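Observations on chain architecture
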Amino acid sequence: MAYAHLTAAGKRLEYTWVNRQPTAGEPVLVFLHEGLGCIAMWKDFPLTVAKACNMPGLVYSRAGYGGSDGIELPRPITYQEDEARVLGEVLDQFGIGKAVLIGHSDGGTIALIHAGIDSRHRVSGVVTMAAHVFNEDICLSGIREARKVWDSTNLREKLKRYHGENVDTAFLGWNDTWQRDDYRHWNVEKYLPMISCPLLVMQGVDDHYGSEAQLDAIIRGTGGQAEKRMIADCGHNPHFDQAAETIDAICRFVEVFHDSTRTGR
């Protein structure tokens, strides 16, 4: 599928609108993919959520993923903070004055950081699925296992269907960075007290990349109102493992905190 492109931070990024494009001043759901993701790897989740919430949705692939411009390795330790600033440029491109950020894994972390540095108060809410705010042993264990799969199976070929020439930087830029010695003490909790918008933080009970301590740190640290949801029979991908429950939770969150922003109300 062909997507449109925008330029942010000097990189050409692929993007698409789902459900519909926004009218002037209308709030937008903005979807931020995981550390191995891109637009296509979301599958139909963004469209389903946008329709269920009756809102326009914006989905884009960060540099180094999908059909966006490539990057050079190694990534800086601050790559998620850097991407949080790129997100600001993306919102600028479309004149988005109010956004609900929906991020998975790395995307959730980027959403939290952006909400913390959002001096223009454009973020009216954040939904995270399996976000991290510090490095922990369970995450490193899962990442090491992923590297074994990369080295011993056809995972590279599977991912290449989505990332094309970006496949190596997509995987290694994520996997190698998290295993670096200088990343062992990575922590972005300092941004949490600066968040003033409401949060919905979700994680699978069986997530092999993070413990419940991640959610507890977010809830404890945020400067705004927050709801915690641990999802049973669910791994690292709530939007796939328990799609109905995840979508229902997101729509309830949007309705409770953003009822005045929804169309047709």
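Report follows, based on the coordinates. (Residues numbered from 1 in each chain as written. Predicted model: local features only at pLDDT ≥ 70, side-chain atom pairs only at ≥ 80, totals over all residues. Heavy atoms only, no water.)

So, helix 6 (residues 167-179)
If you check helix 6, its first and last C-alpha atoms are 18 Å apart, about what 13 residues at 1.5 Å a residue would give, namely 18 Å. Buried-residue contacts for helix 6 involve helix 2 (79-93), helix 3 (106-117), helix 4 (137-152) and helix 5 (155-163). (Helix = DSSP H or I, 4+ residues; strand = E, 2+ residues; numbered from the N terminus. Expected span 1.5 Å × (residues − 1). Contact = heavy atoms within 4.5 Å.)

Things to note about the pairing of strand 7 (residues 199-204)
When you tally the buried positions in strand 7, you get 6 out of 6 residues, the bulk of the element. On strand 7, burial covers both faces: Leu199, Val201 and Gln203 on one face and Leu200, Met202 and Gly204 on the other are all buried. Both strand 6 (residues 123-129) and strand 7 contribute to a ladder of 4 bridges, which runs parallel. Opposite Met129, over in strand 7, you have Met202 as the bridge partner. Pairing analysis gives 6 bridges linking strand 7 to strand 8 (residues 226-231), with the strands arranged parallel. (Buried < 20%, exposed > 50% of the residue type's maximum accessible area, 1.4 Å probe, protein only. Pairing = 2+ DSSP bridges.)

Focus: the nonpolar core
The biggest cluster of nonpolar side chains holds 59 residues, and the ones touching the most others in it are Val30, Leu101, Leu112, Val126 and Trp174. Top element by residues in this core is helix 2. It accounts for 6 residues. Those residues in contact with Trp174 that lie beyond four places of it in its chain are Gly35, Leu36, Tyr79, Asp106, Ile143, Ala146, Thr169 and Tyr209. Grouped together as the second largest cluster of nonpolar side chains are 26 residues, Val18, Val59, Ile231 and Phe253 included. (Core = buried A, V, L, I, M, F, W, Y, C linked by side-chain atoms within 4.5 Å.)

With respect to the sheet that holds strand 7
With mixed pairing, the 8 strands of this open sheet are ordered in space as 1-2-4-3-5-6-7-8. Each edge of the sheet is formed by a strand with only one pairing partner; in this case those strands are strand 1 (4-8) and strand 8. For this sheet, the mean inter-axis angle between neighbouring strands, taken without regard to orientation, is 25°. (Axes fitted to C-alpha atoms, helices over the stretch in contact; angles between N-to-C directions.)

Here's the deal with helix 2
Between its terminal C-alpha atoms helix 2 stretches 21 Å, which fits the 21 Å expected from 15 residues at 1.5 Å a residue. Those residues of helix 2 that sit buried are Tyr79, Gln80, Glu81, Glu83, Ala84, Val86, Leu87, Gly88, Val90 and Leu91. Directly after helix 2, the chain includes Gly95, whose backbone phi takes a positive value near 60°.

Re the packing of aromatic side chains
With the rule as written, the count across this model stands at 12 aromatic pairs. With a centroid separation of 5.8 Å and an interplanar angle of 75°, the aromatic rings of Phe31 and Trp42 are classed as edge-to-face. With Phe31 in strand 3 (residues 28-32) and Trp42 in the loop between strand 3 and helix 1 (45-53), this residue pair connects regions lying 11 residues apart in the sequence. Residue class for Trp42 comes out buried when judged on its relative accessible area of 2%. The interplanar angle of 15° and the centroid separation of 5.7 Å between the aromatic rings of Trp42 and Phe45 together place this pair among those described as stacked. (Phe/Tyr/Trp six-rings, centres within 6.5 Å; stacked < 30°, edge-to-face > 60°.)

Regarding the environment of Val201
Among the secondary structure elements, Val201 is positioned in strand 7. Val201 sits in the buried class, given a relative accessible area of 0%. Each C-alpha atom, one on Val201 and one on Tyr162, is 27 Å from the other, the two residues being 39 residues apart in sequence. In this structure, Val201 is in contact with Thr128, Leu215, Ile218, Ile219, Glu227, Lys228 and Arg229, ignoring residues within four places of it in sequence.

Let's talk about the environment of Glu34
Residue position: Glu34 is located in the loop between strand 3 and helix 1. When the C-alpha atoms of Glu34 and Ile110 are compared, they prove to be 9.7 Å apart, with 76 residues separating the residues in sequence. Those residues in contact with Glu34 that sit more than four places away from it in its chain are Arg62, His104, Ser105, Asp106, Gly107 and Asn237.

Purely geometric stuff here, so don't read any function into it on its own.
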